[in-house]
4 protein chains.
Amino acid sequence: MKNIAVLTSGGDAPGMNAAIRAVVRKGNKEGFNVYGISHGFLGLIRGDFKKLEVRDVGDIIHRGGTILYSARCEEFKEVDVQKEAVKNLEEHDIDTVIVIGGDGSFRGALALESHGIKTIGIPATIDNDIPFTEYTIGFDTSLNTILEAIDRIRDTATSHERTFIVEVMGRESGALALYSSLASGAEVSLVPEVAEDMPKVIEKVEESIKLGKKHSIVIVAEGAMSADECSKMITEALNIEVRTSVLGHIQRGGKPTARDRIYASRLGSTAIDLILEDKHHVALIVNKGKIEMKDFKKVLQGNKILDTSILKMIDELSI
Amino acid sequence: MKNIAVLTSGGDAPGMNAAIRAVVRKGNKEGFNVYGISHGFLGLIRGDFKKLEVRDVGDIIHRGGTILYSARCEEFKEVDVQKEAVKNLEEHDIDTVIVIGGDGSFRGALALESHGIKTIGIPATIDNDIPFTEYTIGFDTSLNTILEAIDRIRDTATSHERTFIVEVMGRESGALALYSSLASGAEVSLVPEVAEDMPKVIEKVEESIKLGKKHSIVIVAEGAMSADECSKMITEALNIEVRTSVLGHIQRGGKPTARDRIYASRLGSTAIDLILEDKHHVALIVNKGKIEMKDFKKVLQGNKILDTSILKMIDELSI
Amino acid sequence: MKNIAVLTSGGDAPGMNAAIRAVVRKGNKEGFNVYGISHGFLGLIRGDFKKLEVRDVGDIIHRGGTILYSARCEEFKEVDVQKEAVKNLEEHDIDTVIVIGGDGSFRGALALESHGIKTIGIPATIDNDIPFTEYTIGFDTSLNTILEAIDRIRDTATSHERTFIVEVMGRESGALALYSSLASGAEVSLVPEVAEDMPKVIEKVEESIKLGKKHSIVIVAEGAMSADECSKMITEALNIEVRTSVLGHIQRGGKPTARDRIYASRLGSTAIDLILEDKHHVALIVNKGKIEMKDFKKVLQGNKILDTSILKMIDELSI
Amino acid sequence: MKNIAVLTSGGDAPGMNAAIRAVVRKGNKEGFNVYGISHGFLGLIRGDFKKLEVRDVGDIIHRGGTILYSARCEEFKEVDVQKEAVKNLEEHDIDTVIVIGGDGSFRGALALESHGIKTIGIPATIDNDIPFTEYTIGFDTSLNTILEAIDRIRDTATSHERTFIVEVMGRESGALALYSSLASGAEVSLVPEVAEDMPKVIEKVEESIKLGKKHSIVIVAEGAMSADECSKMITEALNIEVRTSVLGHIQRGGKPTARDRIYASRLGSTAIDLILEDKHHVALIVNKGKIEMKDFKKVLQGNKILDTSILKMIDELSI
């Protein structure tokens, strides 16, 4: 019986548990012993290993967070530390690790490959900022959580006829801001990928007020601008009262949506298929609705492109 | 200024309002007068027309149902009746109608085309049973509603260690049953596209009980079998108490998910683009994540294929 | 260290876990060993006992169902069987049992008292049908679940301008039907406590249609009439199409609401206070917002009175 | 036919619409013309009046916010301005105004009384900070919204084993913080009514970490301390990373819960009963579960007392 391992790393994302469940159960079915490593790469160093049986992953498909815990682990960049991890894996006779996480996690996987450990990546990050894949575990849930929050804010925005600036996650990626703007009917979306044109933003808000709209909503990705900063500029320009809301950590939690549970299950299951075919050094990606694999190096060198035509659509549909 | 019209027809689906909003606002921006026709083809016959302004579709993007109402209209199969509808359109100087609905609605659109009226179809049905398109408005919301219901049922199933049979919508299509099974971790999924193998179903439930699982969940599409029928067979075979739940109409309602609002907005907007290019006699479809168009005749003659590999995955992951 | 036990019995109700958590933690703090008995009275007979530590009840306050499982147990009516249970308790040196459940469960508690075991009851049932207490664990959650379902049904009812009959739980009690009707703005509520006046029901539905209301909703408690039966009568009388929905088991599950978590915590905590004061043979009740105790016999002989003035209010406000 | 008016004022609260609906429909039934005044006292000055028919309040019972809008209106403290409002009321032959809002709104009502206008107050504020009434419209919904947010945060807190500080609304009242702490199983609750004992807070968090709890949650009312301030103190004392989340405006919005819809309906209906009995100069209150009335002056001079025994319970149950 071959031994393999699975870990979750980086920011937690809803659906990670569904992926772990798929890895463990499909792995088990195919005759593998599947070890769960706690706290991501930190657990790899510390030897935080536990063999997972099929019952250990029961009743988790619908739970947010990750039963394997996650952690940042800056020291894993050092070769000595990596060697410690490899030693731990060898002691458990594990030659393959499935890494569930974002690009930082994939960099860790590449480091393991350099020491002869086989790795497969499963894209999981609420930011949807991994190149080549149109899907990452957690994005759909996070998007729906944001919408729910904005639907609530809309009630109070309408009742007081106010302009609201809502700050959503996304340090380098505007995906959450962009699609939540389209889906909520927001007036403006500010994303880090596009230099903001504040005079135009202000003009749009002004126009909305003139048109007699009951409220205006501006959604900013944290990487583009803070809600406070944006609020200040609009207040100064238009002399109106503006409210801000920073959605924060609620965007990471909650039950995964259908889409996140389905893709996470499919990705976890496919990762085992790849091991059976002796494929490694790759991340799974979703390309035009199909699950494919892509060399880690290409993924890490790639450039995630935001569909900026959506910005135009947001503008046109919020008149 | 050119006049166009939009109607919703068939079963209502969450996201229809987002599509109507996009049609009206994008249409308006491109210089069209957009008429809303109430109650689908029935309103077309009755002359139930109303010009929609951009403000009329404010604050509806997040609402379930359809502000244009929907209705069945058997009499629209008769040519005389169709002529009445065409007369009403001509009186309002409308030469193009955007039809939001399922295949029955597209058949109505084709009838209009036979009288010289240009039509464009937007696929909207919770069943996701329209050929060539991987996406239909409402499916994602319905799927998530089913999951929420099953998550609740799971609480009580676990507390009483029971087997539950949950009946979901889908007369001819098992898409809702299939994907809700994968996403909820159900033990078995029965769909109309695949002849059921009751001995295997019973064996699976028996095995789950033996494995000490706290509950078993069997999801049946109404087109495959009724929950009662399935319950009877399992009860007789295993001599256990089984509970049933028919989810019914809750599956049609509720706020649309992010995905449904985004695609509905994009589809509505694209329909206007097609009119600008003088395209018609087509339904919009989503193919590999991209919005394309397909001749109505092909869509209506096509065959929707269910991805039955998912059935295998459901079985493998619910051990 | 004194040993006590806790069990959940009868239909599961959201909030039971919050009560168990409070019993275990407050009990622990006061120096008791708290045993959890699985599967209610069945587990009492079978000796299904487990000492619960404070960590065992971590992360359960927000979960539906009951971690102690529940079961029916007809045989507990027999004295011989009761003696078996008492023997098991004595073997664990347990002289007090906290029983979380409905009136059937309280009857079981009384049986234990007849054998010298001290018992305290915590009212938990989604039906809110226990005399003298205005509150039972689970009712508030169930009510909100029903409302969420009706809000969904309302979307489709409005879109098709239909009359809907919604059947909710309540074999002998109309509390869920009554308050969900008031809260959802339903036109009519049928409860087992009041003989139904079908001509008046039909008249009300007819009037709603005449008034041009987009939909009518009739809520029936299962104990009053089935949705099908009601539908048949309305259809025959008014010659209109009517839709039915039987909400079923979704009404038992889901995360408990704030109110259910708060009261469950307070009731569990207070049960320990009573043990410290050597009080027993009582159920906790909520009377005018205050937690009090009431002799089991009085509770079981009492009569739960439905506030029928609410029926008048439902009628007046749904014009 | 007698004319009366209704307005909403102050911060919006979920359930206000259910109260407006009850006032309009019960008022109508009793033979009153009911005018809706938009934007609270501002609309009273501006003459922003509109007669509301029973259909105007259809389909609003389940909507957050207020269809009558709300606004602050500092100038209403001036007698000249008040006289303007009275003139507008007299022009519409309105001698009674139902004021839905918090204590600021009741002060406005008192001002109207000083000019001979009869007023009745309905308590509505998410803060639950009005003396003598145990219930205010919106509190229950807001509490549940906070719980939902904390349940999400808990996922990520558990996954990263972090301490979280969550800041909730409540400038002068700790009710939301207190009850959300009990209901979420938070470790500590800081409220403005009780001087905070930071060494004890820090000790509790430290103890939680030592006990191996997967996360600690501290809930602070904005009036007690900011999340940032609290975070800084804990970080300095324990040298741990702490995360903060300011829930903000999402706490005001969303569909009202069952409880808020029920009480809002009952309060609105009772306000009309009082007018029929020629009662005025009073606010409706809920006392031991019963709706009663209380002179405005007493309400405004009263002192809202927080049940601090709940703080002890929070501490005992979060071990």
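Just so it is clear, the structure is predicted and the values come from calculations on it, not from any experiment. (Residues numbered from 1 in each chain as written. Chains lettered and ligands numbered in written order. Predicted model: local features only at pLDDT ≥ 70, side-chain atom pairs only at ≥ 80, totals over all residues. Heavy atoms only, no water.)

Colleague: Is there a simple way to think about the interface of chain A and chain D in this case?
Modeller: Interface size is commonly expressed as the accessible surface area that is lost when the partners come together. Taken together, the 36 residues of chain A in the interface contact 36 residues of chain D. Put simply, chain A and chain D have 18 residue pairs in polar contact (both at pLDDT 80 or more) between them. Elements supplying a minimum of two residues to the side of chain A that touches chain D: helix H5 (139-160) and strand S9 (242-246) of chain A. In terms of residues, the side of chain A that touches chain D owes the most to one element, H5 of chain A, which gives ten residues. Here the side of chain A that touches chain D is composed, by residue class, of eight nonpolar, 17 polar and eleven charged. (Contact = heavy atoms within 4.5 Å. Polar contact = N/O pair within 3.5 Å; in protein donor to acceptor, adjacent residues only side chain to side chain. Helix = DSSP H or I, 4+ residues; strand = E, 2+ residues; numbered from the N terminus. Nonpolar A, V, L, I, M, F, W, Y, C, P; charged D, E, K, R; others polar.)

Colleague: Would you mind going over the nonpolar core with me for this structure?
Modeller: A general tendency of soluble globular proteins is for nonpolar side chains to be buried together. Counting residues in hydrophobic clusters, the biggest one holds 138 residues, and the most contacted among them are Ile98, Ile100 and Ile122 of chain B together with Ile98, Ile100, Ile122 and Leu247 of chain C. Not counting the four nearest positions on each side in its chain, Ile100 of chain B is found in contact with Val6, Leu7, Thr8, Ser9, Met16, Ala19, Ile20, Ile122 and Ala124 of chain B. Ranked by size, the runner-up nonpolar core spans 137 residues in total, among them Leu52, Ile137, Phe164 and Ala221 of chain D. (Core = buried A, V, L, I, M, F, W, Y, C linked by side-chain atoms within 4.5 Å. Buried < 20%, exposed > 50% of the residue type's maximum accessible area, 1.4 Å probe, protein only.)

Colleague: Looking at this structure, I do not really get helix H7 (residues 198-210) of chain B. What am I missing?
Modeller: An α-helix turns once per 3.6 residues; consequently, residues spaced three or four apart project the same way. Residue and element names in this part refer to chain B. With 13 residues, H7 extends 18 Å from end C-alpha to end C-alpha; this agrees with the ideal 18 Å at 1.5 Å per step. Buried within H7 are the following residues: Met198, Val201, Ile202, Lys204, Val205 and Ser208. Down the axis of H7, the buried set is contained in an arc of 160 degrees. They therefore lie on one face. Opposite the buried face of H7, at more than 90 degrees from it, the exposed residues are Pro199, Lys200 and Lys210. The inward-facing, buried residues of H7 abut strand S6 (163-168), strand S7 (188-190), strand S8 (216-221), helix H8 (227-238) and helix H11 (309-317). Where H7 terminates, the next one or two residues include Gly212, which has phi positive at roughly 80 degrees. (Expected span 1.5 Å × (residues − 1). Arc of directions from axis to C-beta.)

Colleague: Quick question: what am I supposed to make of the domain arrangement of chain A here?
Modeller: Residue and element names in this part refer to chain A. Split into domains, chain A comes out as domain 1 (3-138 + 256-301) and domain 2 (140-252). With centres defined by C-alpha atoms, the gap from domain 1 to domain 2 works out at 34 Å. Between domain 1 and domain 2, the contact holds twelve residues from the first and eleven residues from the second. When domain 1 packs against domain 2, the two sides together hide about 980 Å² of surface, and 53% of this comes from carbon and sulfur. Looking at the side of domain 1 facing domain 2, the largest losses of area belong to Ile126, Asp127 and Thr257, adding up to 50% of the total buried there. In this assembly, domain 1 and domain 2 are joined by zero salt bridges. (Domains from an automatic or database assignment. Buried area = accessible area lost by both parts, 1.4 Å probe. Salt bridge = Lys/Arg side-chain N within 4 Å of Asp/Glu carboxyl O.)

Colleague: Where do I start with the interface of chain D and chain C in this structure?
Modeller: Taken residue by residue, the interface counts 40 residues in chain D and 40 residues in chain C. Of the roughly 3700 Å² buried where chain D meets chain C, counting both sides, 58% is carbon and sulfur surface. When the buried area of chain D at its contact with chain C is split by residue, Arg55, Leu317 and Ile319 of chain D rank highest and sum to 17% of it. Where chain D meets chain C, there are ten salt bridges. Its salt-bridge partner being Asp151 of chain D, residue Lys255 of chain C comes within 3.2 Å of it at the nearest N-O pair. Within the residue set of the side of chain D that touches chain C, elements represented by two or more residues are helix H1 (16-29), helix H5 (139-160), helix H6 (175-184), helix H9 (258-276) and helix H11 (309-317) of chain D. In terms of residues, the side of chain D that touches chain C owes the most to one element, H9 of chain D, which gives seven residues. Each residue belonging to the side of chain D that touches chain C can be placed in one class, and the counts come to 15 nonpolar, nine polar and 16 charged.

Colleague: Help me understand the sheet that holds strand S9 (residues 242-246) of chain D in this model?
Modeller: Sheet strands pair via backbone hydrogen bonds, and the direction of the pair is either parallel or antiparallel. All names here are of chain D. Spatially, S7-S8-S6-S9 is the arrangement adopted by the four strands of the open sheet, whose pairing is parallel. The two strands at the open ends of the sheet, each matched to only one other strand, are strand S7 (188-190) and S9. Direction aside, the axes of adjacent strands within the sheet are offset by 20 degrees on average. The sheet contact formed by strand S6 (residues 163-168) and S9 spans five bridges and is parallel. (Pairing = 2+ DSSP bridges. Axes fitted to C-alpha atoms, helices over the stretch in contact; angles between N-to-C directions.)

Colleague: Sorry if this is basic, but what is going on with helix H6 (residues 175-184) of chain C here?
Modeller: Most of H6 of chain C sits out of view: ten of its ten residues are buried. For H6 of chain C, the full list of buried residues reads Ala175, Leu176, Ala177, Leu178, Tyr179, Ser180, Ser181, Leu182, Ala183 and Ser184 of chain C. In this structure, the buried side of H6 of chain C is in contact with helix H5 (139-160), strand S6 (163-168), strand S7 (188-190), strand S8 (216-221) and helix H11 (309-317) of chain C together with H9 of chain D. Positive phi appears at Gly185 of chain C, one or two residues downstream of H6 of chain C, with a value of about 75 degrees.

Colleague: I keep staring at the relation of the copies chain A and chain D and nothing clicks. Help me out?
Modeller: The two chain copies are connected by a rotation around an axis plus a translation along it. You can overlay chain A on chain D at an RMSD of 0.0 Å; the transform is a turn of 180 degrees with a shift of 0.0 Å along its axis. The symmetry that links the two subunits is that of a two-fold axis. Of all interface residues in chain A, 100% are interface residues in chain D too; the two copies therefore contact each other through one and the same surface. (Least-squares fit on C-alpha atoms with pLDDT ≥ 70 in both.)

Colleague: Teacher, can you tell me more about the environment of Leu306 of chain A here?
Modeller: Tracing the backbone through its elements, the reader meets Leu306 of chain A in the loop between helix H10 (296-301) and helix H11 (309-317). With residues up to four places along the chain from it excluded, the contact list for Leu306 of chain A reads Gly174, Ala175, Leu178, Val191 and Glu193 of chain A.

Colleague: Looking at this structure, how should I read the sheet that holds strand S6 (residues 163-168) of chain A?
Modeller: Residues and elements named next belong to chain A. Spatially, the four strands line up as an open sheet ordered S7-S8-S6-S9, and their pairing is parallel. Unpaired on one side and paired on the other, strand S7 (188-190) and S9 mark the two borders of the sheet. Averaged over neighbouring strand pairs, the angle between their axes works out to 20 degrees when direction is ignored. Bridge count for S7 against strand S8 (residues 216-221) is three bridges, and the pairing is parallel. Residue pairing for S8: Leu190 is matched across the bridge by Val220. The strands touched by H5 within the sheet are S6, S8 and S9, with S6 carrying the most contacts at an inclination of about 165 degrees.

Colleague: Help me understand the relation of the copies chain D and chain C in this model?
Modeller: The transformation that overlays chain D on chain C combines an axial shift of 0.0 Å with a rotation of 180 degrees, and the residual RMSD is 0.0 Å. When the interface residues of chain D are mapped onto chain C, 100% of them are again interface residues, pointing to one common binding face.

Colleague: Honestly, the pairing of strand S8 (residues 216-221) of chain D in this entry has me stumped. Any pointers?
Modeller: Two faces, one strand: in a regular strand the side chains alternate between the faces of the sheet. Residue and element names in this part refer to chain D. The element S8 is largely enclosed, with a buried count of six among its six residues. Covered by surrounding structure in S8 are Ser216, Val218 and Val220 together with Ile217, Ile219 and Ala221, the residues of both alternating faces. Following the backbone out of S7, through helix H7 (residues 198-210) and into the adjacent parallel S8, one traces a crossover that is right-handed. (Right-handed = clockwise from strand over helix to strand, strands pointing away.)

Colleague: Can you help me understand the packing of aromatic side chains in this one?
Modeller: Given two aromatic rings, their pairing is described by the distance between the two centres and the angle made by the two planes. Tallied over the entire structure, the rule returns 16 aromatic pairs over all chains. With a centroid separation of 6.4 Å and 85 degrees between ring planes, the pair formed by Phe139 of chain D and Tyr179 of chain D is classed as edge-to-face. Here the residue Phe139 of chain D occupies a position in helix H5, and Tyr179 of chain D occupies one in helix H6, the gap between them amounting to 40 residues. Pair check on accessibility: Phe139 of chain D and Tyr179 of chain D agree, each one buried. A cation sits over an aromatic face here: Lys294 of chain A above Phe132 of chain A, 4.5 Å from the ring centre. (Phe/Tyr/Trp six-rings, centres within 6.5 Å; stacked < 30°, edge-to-face > 60°. Lys NZ or Arg CZ within 6 Å of the ring centre and 35° of its normal.)

Colleague: Just to check I follow, could you spell out the UniProt feature "binding site: Mg(2+)" (unreviewed entry) in chain A for this structure?
Modeller: All names here are of chain A. According to UniProt, the feature "binding site: Mg(2+)" (unreviewed entry) maps to Asp103 in the numbering used here. Within the element layout of this structure, Asp103 appears in helix H4 (residues 103-113). Owing to a relative accessible area of 28%, Asp103 belongs among the partly exposed residues under this scheme. Beyond its immediate chain neighbours, meaning those up to four positions away, Asp103 contacts Ile130 and Leu300. (UniProt positions renumbered as here; feature names shortened; annotations may be inferred.)

Colleague: Which parts of the structure should I look at to understand a positive patch on the surface?
Modeller: A cluster of basic residues, Lys288 and Lys290 of chain A together with Lys288 and Lys290 of chain B, forms a positive patch on the protein surface. Structurally, Lys290 of chain A can be placed in strand S11 (residues 290-295). For Lys290 of chain A, a relative accessible area of 53% translates into the label exposed. (Patch = residues over 30% accessible without salt bridge, like charges linked within 9 Å, V, L, I, M, F, W, Y side chains within 5 Å. Areas by Shrake-Rupley, 256 points an atom, 1.4 Å probe, with all protein chains shown as cover. Lys, Arg positive; Asp, Glu negative; His and termini not counted. Charge placed at Lys NZ, Arg CZ, Asp CG, Glu CD.)

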